[in-house]
Structure formats: structure tokens, C-alpha cells
Amino acid sequence: VNTACDYANLSKQSAYALRARDPVFAAGWNAAAELARESLAEAVFERAIDGTTETIRKDGKVIAERHRFDNRLAMAVLARLDRRCDRSDAARTGHGRAKAEWDRFLDVVGAGDDEAARAILMPPSPAEIRLLSQASQVRAEREARPRVWWDATLDEWRTDYAHPNGNEDDWTQFNGRPCTPEESELLDAAIAAAPDEVDEEAEADLDARTAYFEHLRVFIANPNDDAEDDDEAPGDDDEGHSPSVS
């Protein structure tokens, strides 16, 4: 806390007062303290393994060095932070979410965006999540379908584009609005002017159908014809059996 206050040019009294009145600042304070626990735990672990070296001086001169293993103070601090984490986990406090999204939390706080910071601390309720999910589904459905389509049930062109005159009385979120007479006329004209498209897949399927049924006709006329053919007839399996009809 002392180091942070020096860095921010803020007195400890002012820092604690700000923490008392500002929930966003308080959440950041608590999250930072809990994040510090991990680095402290690593330092304590190293000291427990390697110990620490103390330099003994007399009259300004180094007279000895002492290697010792005493981490009682560090362990006490670590235990205090552990208790704080246990309390925050039990209470499901907001600073736990700030800790989980620490970098983003710092970004929005640094940008002065208190609303975004509070959104991190207080996620949407189940009801709000359901509304957001429904809105997302509606957007996905709208993006997946064309912006203009022919409605065979209503026998009219429809669109989800905004009305040219701003009239939204007959516009619905799921079924758009009827096209205006001018729009419908343009769509009909575009359909009439479009060149006939060649469906290559349909043509290939028709050719396959013709070849298959021609083979059946030949087979029925000559069922005992065992003449070998380098090419398998359409519909034959790998062993050259004649096609079956089901």
C-alpha cells in the first residue's frame, strides 16, 4: 500500500478514504492484494528451500554473514491473504471477477470508464442473460436470411430494410415489412431481365438418369447377353452385377 501510494502521489489516509466510498476502487484494491498472493507464495517457497542470508556489520564493516531459515512473518502475511481469499470466495464478491479479468479491468479503469468497470464487477442477471441470448439469436437469424425475399404465403415481396419514408408501422422484427410498390416493381423487372441460369448439376443428374434407364432397356431386351464390356454399365457394382430395381 505504501509503495502504491507513493507511486500515485496519494496519502494513505486518502487512499483508504477512496476505498471506503468507491466500490470500483475497492474492488481493484482487493483484487490486486489477492493477485500479489501468488508472487508472495513463490518467494516464500524459495526462502523455505534456500533460506536467507543476513549480513552482520560492526563499525561499518562486514564481519560475518549468517544463513537462516525464518519465514514466520512472510507465512503470517500469506495466511492473512489466504483468509481474505476464502472470505471473498464465500461471499462471491465483485473483486473476484476483477481479479479474473485483471488486465481488462485495469484498461477500463485507466480509461475512466466506470460503467464498464461496474459491468465487470456485476455481471448480468440470469434474466438479462436470457434477453441477451434471445437478441443474439434474432440477430443470427436475420444475418442468415436474405434481406429481400418472396413470401409465398402472403404472395408479396418482403424486406427487412428500413422503409424509405421511415414508416415502421408494418415492420416486424421477424418478418420485415412488405416492399413498396416501387420496390416490388423493380424486383419483378430484375427477375424478368435476368438470363436463364443453367443448372449444371441438374443437367448432369438428367444425363445419369437417361443412361441408367437406357441400360435397363437394353438389359431387359437381352437378359442373357454375356458379352464383356470394358466399361461398366451405369449402376453396376464393383463385381459387374446387373442393377436391381427397388
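Worth saying up front: this structure is predicted, and the values here are computed from it rather than measured. Numbering of residues starts from 1 in each chain and follows the order in which that chain's sequence is written. Given that the model is predicted, a residue must reach a pLDDT of at least 70 before its local features are reported, and side-chain atom pairs must reach 80 or more before they are shown or counted; all residues, however, enter totals for whole chains, interfaces and linings. With hydrogens and water set aside, each side-chain value is computed from the structure's full complement of heavy atoms.

Put simply, two rings from Phe, Tyr or Trp (the six-membered ring, in Trp's case) pair if the centres are within 6.5 Å, and we call them stacked under 30 degrees between planes, edge-to-face over 60, tilted for the rest. This model, assessed by the stated rule, comprises five aromatic pairs. Residues Tyr-16 and Trp-29 carry aromatic rings whose centres are separated by 4.9 Å and whose planes lie at 50° to one another, so their mutual orientation is tilted. A residue pair is termed long-range when its members are at least 10 positions apart, and Tyr-16 in helix 2 (residues 12-21) and Trp-29 in helix 3 (residues 23-50) qualify at 13 residues. Three exposure classes are used, based on accessible area relative to the maximum for each residue type with a 1.4 Å probe and protein chains only: buried under 20%, partly exposed in between, and exposed over 50%. Given the relative accessible area of 14%, Trp-29 is considered buried. Elements are defined by DSSP. Helices are runs of H or I of four residues or more, strands are runs of E of two residues or more, and each kind is numbered from the N terminus.

Nonpolar cores are built from buried Ala, Val, Leu, Ile, Met, Phe, Trp, Tyr and Cys residues. Side-chain atoms within 4.5 Å join them into one set. With nine residues, the main nonpolar core is built from Val-24, Ala-27, Ala-31, Ala-98, Phe-105, Val-108, Ala-117, Ile-120 and Leu-121. Broken down by secondary-structure element, the contributors of at least two residues to this core are helix 3, helix 6 (102-110) and helix 7 (114-121). When neighbours within four sequence positions are excluded, Ala-117 is seen to be in contact with Val-24, Phe-105, Val-108 and Val-109. In what follows, residue pairs with any heavy atoms lying within 4.5 Å of each other are defined as contacts.

This next bit is on the environment of Asp-50. Tracing the backbone shows Asp-50 in helix 3. The exposure class assigned to Asp-50 is partly exposed, which follows from its relative accessible area of 48%. In this structure, the C-alpha to C-alpha distance between Asp-50 and Arg-68, residues 18 residues apart in sequence, is 9.0 Å.

Between N-to-C directions, angles cover 0 to 180 degrees, with each direction set by a line fitted to C-alpha atoms, over the stretch in contact for helices. Contact geometry for helix 6 and helix 7: axes closest at 7 Å, N-to-C directions at 155°. The orientation of helix 6 relative to helix 7 falls into the category roughly antiparallel. Considering the relative orientation of helix 6 and helix 7, their crossing is left-handed. Within the contact between the two elements, helix 6 uses Arg-104, Phe-105, Val-108 and Val-109 and helix 7 uses Ala-116, Ala-117, Ile-120 and Leu-121. Counted by class, the contact of helix 6 with helix 7 contains seven nonpolar, no polar and one charged residues. Roughly parallel refers to an angle under 35 degrees, roughly antiparallel to one over 145, roughly perpendicular to one between 65 and 115, and oblique to any angle outside these ranges. Handedness of each helix crossing follows the sense of rotation of the near helix against the far helix: counterclockwise by less than a right angle gives left-handed, clockwise gives right-handed. Side-chain classes follow a simple rule in which Ala, Val, Leu, Ile, Met, Phe, Trp, Tyr, Cys and Pro form the nonpolar group, Asp, Glu, Lys and Arg form the charged group, and the remainder, Gly included, forms the polar group.

Strand residues, when the strand is regular, have side chains that alternate between the two faces of the sheet. In short, DSSP must find at least two bridges between two strands for them to pair. Here four bridges tie strand 3 (residues 148-151) to strand 4 (residues 156-159), and the two strands are oriented antiparallel to one another. Each residue of the ladder has a partner; that of Asp-151, found in strand 4, is Glu-156. Hairpin geometry of strand 3 and strand 4 is characterised by an intervening segment of four residues between the two adjacent antiparallel strands and by a positive phi of about 60° at Asp-155. Sheet topology note: the strand 4/strand 5 (residues 177-178) ladder contains two bridges and is antiparallel. Along strand 5, the bridge assignment pairs Arg-158 with Pro-178.

Let's shift gears to the sheet that holds strand 3. Taken in spatial order, the three strands make up an open sheet running 3-4-5, and their pairing is antiparallel. Every other strand in the sheet has two partners, leaving strand 3 and strand 5 as the edge strands with one partner each. Those strands touched by helix 9 (residues 181-193) are strand 3, strand 4 and strand 5, and its axis lies near 110° from that of strand 4.

What follows covers the side chain of Asp-151. For Asp-151, the location among the structural elements is in strand 3. No salt bridge is formed by the buried Asp-151; its nearest oppositely charged neighbour, Arg-158, is found at 4.7 Å. Two N or O atoms count as a polar contact when they lie within 3.5 Å, although within protein this holds only if one can serve as hydrogen donor and the other as acceptor, and sequence-adjacent residues are included solely when both atoms are side-chain atoms. For Asp-151, the side chain forms a polar contact with the main-chain nitrogen of Leu-154, separated by 3.0 Å. Residues within four places of Asp-151 in sequence aside, it is in contact with Glu-156, Arg-158 and Asn-175. As used throughout, the charge tally considers Lys and Arg to be positive and Asp and Glu to be negative, leaving His and the chain termini uncounted. Salt bridges are identified by distance alone: a Lys or Arg side-chain nitrogen within 4 Å of an Asp or Glu carboxyl oxygen.

Okay, the confidence of the model for the chain next. Known as pLDDT, the predictor's per-residue confidence is scaled from 0 to 100. The pLDDT averaged across the chain works out to 78; a share of 76% of its residues lies at or above 70. When pLDDT is averaged over each helix and strand of the chain, the minimum, 66, is found for helix 4 (residues 72-91) and the maximum, 92, for helix 2.

All right, on to helix 7 then. Every α-helical turn comprises 3.6 residues, leaving residues that sit three or four positions apart pointing alike. Taken as a whole, helix 7 has its buried residues at Ala-117, Ile-120 and Leu-121. For helix 7, the buried positions fall inside an angular range of 100° around the axis, keeping them on one side. The reported arc concerns the directions from the helix axis to the C-beta atoms and nothing else.

Only residues whose relative accessible area exceeds 30% and that take part in no salt bridge are eligible for patches, with like-charged residues grouped when within 9 Å of each other and nonpolar side chains (Val, Leu, Ile, Met, Phe, Trp, Tyr) grouped when within 5 Å. Where accessible areas are quoted, they stem from the Shrake-Rupley method and a 1.4 Å probe; at the residue level, only the protein chains shown are allowed to cover. The atom standing in for a charge is NZ when the residue is Lys, CZ when it is Arg, CG when it is Asp and CD when it is Glu. A surface patch of negative charge is lined by Asp-199, Glu-200, Glu-201, Glu-203, Asp-205 and Asp-207. By the secondary structure assignment, Glu-203 is in helix 10 (residues 200-221). You can call Glu-203 partly exposed: its relative accessible area is 45%.

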